Amino acid sequence: HSDEGVVYLTRYNDCIELLSNNKFRRNPPVGGCNPFSETQRAQTPLEAMISHWMIFMDPPRHDIVRKSFMQPFSAKSIKLLEPFIQHQSHQLLEGLPQKGELELLENYAFSLPVLIIAKILGVPQSDTGLFRTWSALLTQALDTASEEDIIKGAEVALLFKEYFESLINRRHTLAADCLINSLANEQNLNLSNDEILYGCVFLLWSGHETTKNLIANGIKLLAEHPNSFAKLKQQPDLIENAVEEMLRFESPVQKISRWTHEDAYFGEHFVQKGTLITALIGAANRDPSIFQLANHFNIQRSKNRHIAFGSGIHHCLGAVLAKTEARIAFSTLLPRLNSLAPNQHKWRTYSAFRSLETLTVTIS
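Computed from a prediction, not measured in an experiment: that's the story for all the values here. (Residues numbered from 1 in each chain as written. Predicted model: local features only at pLDDT ≥ 70, side-chain atom pairs only at ≥ 80, totals over all residues. Heavy atoms only, no water.)

Undergrad: I'd love a proper account of unusual backbone geometry, names of residues and values included.
TA: A cis amide bond links P59 with the next residue in sequence, P60, at an omega value of 5 degrees. Of note, the phi angle at L293 is positive, near 50 degrees, even though the residue is not glycine. One can find L293 in the loop between α12 (281-284) and α13 (319-333). Given the relative accessible area of 61%, L293 is considered exposed. Positive phi values are uncommon outside glycine, yet K303 reaches one of about 50 degrees. As for its placement among the helices and strands, K303 is situated in the loop between α12 and α13. (Helix = DSSP H or I, 4+ residues; strand = E, 2+ residues; numbered from the N terminus. Buried < 20%, exposed > 50% of the residue type's maximum accessible area, 1.4 Å probe, protein only.)

Rendered as structure tokens:
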């Protein structure tokens, strides 16, 4: 229990209960203008935007909106996208040096996911450079959830809104099979204009932010664990397993919150209705009662039941895409390297996202 009245959960089973039981919801039981506060006041532009994100919706609206955005993220659709992901991975690496110091956050871990989610949405590749700064500001606002940062996030929310309004208005110039055209052309989806507009912002932001973290964190882990790097070089069929362990060991999303809509117990701890509860995903994924040698990075770990993508109805829509991108990113990168060693890195000072600011490695 924090001084601010928030309850934090660290045990794996408690986090599963919070995320899977429908008595815990994304929004407070007495209303409010955003999922972080019960304060009754006019919404800021940022709060207006995230209130239309499926991740901050409760049923039944959540189910309608999620279903409308699902098709490009099915396993079948992702399988068809794999050649494009593979091509982009090769293209990004072609222009990079093959030995010495190599910056891989900006040049690879960020660039690959943003190109892929742009392709799905229909965003022109030439525009992807706009989103680096915008996304960083948006991530900071969502991480701290402070009044100051939420207000500061209003400017970037308006920039995103203006961009996607313009893109939707000229959707006839986009690929016919892109998600923006699919959403705008379907008349039976029962989505509002804001749900389409802000849903696209959500997918663009979340579709690269967390996958960027997964790839960058994974590269750092392999640089710091030379035996694991050597094992993957020898046995590339372990890459899928390694990606799962990267997700567990350095979970890209570190916390997810819900509100209690009725009194609840977590073990012997009582939590009353109307309390904001936060599942600490990074801690749950290191719970020693669930994971043997939980603080050991083991790319051969079996039965890896991590909850890096959450659980329940809000389980990450893009989980299959993220894992596919990471698998291809490492399958493309590793054959180019004889050695990989840590050089320099800097973490962002965030609590909700395990996110690097910079990542430079030494390769040969």
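Having seen it, we continue.
Undergrad: Residue-level account of the nonpolar core, with values.
TA: Counting residues in hydrophobic clusters, the biggest one holds 117 residues, and the most contacted among them are W53 and F164. Excluding anything up to four places from it in sequence, W53 contacts L138, L142, Y198, V201, F202 and W205. (Core = buried A, V, L, I, M, F, W, Y, C linked by side-chain atoms within 4.5 Å. Contact = heavy atoms within 4.5 Å.)

Undergrad: Go over the sheet that holds strand β8 (residues 340-347), please, and point to the residues and values.
TA: Reading across from one edge, β3-β9-β8 is the order of the three strands in this open sheet, with antiparallel pairing throughout. Among the strands making up the open sheet, the edge pair consists of β3 (100-103) and β8. Adjacent strand axes in the sheet meet at a mean angle of 20 degrees, parallel and antiparallel pairs treated alike. One ladder, built from four bridges, connects β3 with strand β9 (residues 356-363); its direction is antiparallel. If you follow E101 over to β9, its bridge partner there is T362. Lying over the sheet, helix α9 (residues 193-224) contacts β8 and β9, oriented at roughly 135 degrees with respect to β8. (Pairing = 2+ DSSP bridges. Axes fitted to C-alpha atoms, helices over the stretch in contact; angles between N-to-C directions.)

Undergrad: Quick one: what's the story with the side chain of R132, residue by residue and with numbers?
TA: Looking at where R132 falls in the secondary structure, it is placed in helix α6 (residues 131-144). With relative accessibility at 18%, the residue R132 sits in the buried group. Side-chain polar atoms of R132 contact the side chain of E106, separated by 2.8 Å. Setting aside its immediate chain neighbours within four residues, R132 contacts L105, E106, F110, K212 and R348. (Polar contact = N/O pair within 3.5 Å; in protein donor to acceptor, adjacent residues only side chain to side chain.)

Undergrad: Residues and numbers for the environment of I55, please.
TA: Note that I55 resides in the loop between α2 (45-50) and α3 (61-69). When the C-alpha atoms of I55 and I299 are compared, they prove to be 30 Å apart, with 244 residues separating the residues in sequence.

Undergrad: Could you give an account of α3, naming the residues involved and the relevant values?
TA: Within α3 the residues assigned to the buried category are H62, V65, R66, S68 and F69. All buried residues of α3 lie within an arc of 160 degrees about the axis, which places them on one face of the element. Contacts from the buried residues of α3 go to α8 (179-185) and α9. (Arc of directions from axis to C-beta.)

Undergrad: Residues and numbers for the sheet that holds strand β7 (residues 276-280), please.
TA: A sheet is described by the order of its strands in space; here four strands give the open sequence β1-β7-β4-β2, paired in mixed fashion. Edge positions in the sheet fall to β1 (7-9) and β2 (24-25), since each has one partner strand and no second. Sheet topology places strand β4 (residues 255-260) next to β7; five bridges connect them, and they run antiparallel. Along β7, the bridge assignment pairs W259 with L276.

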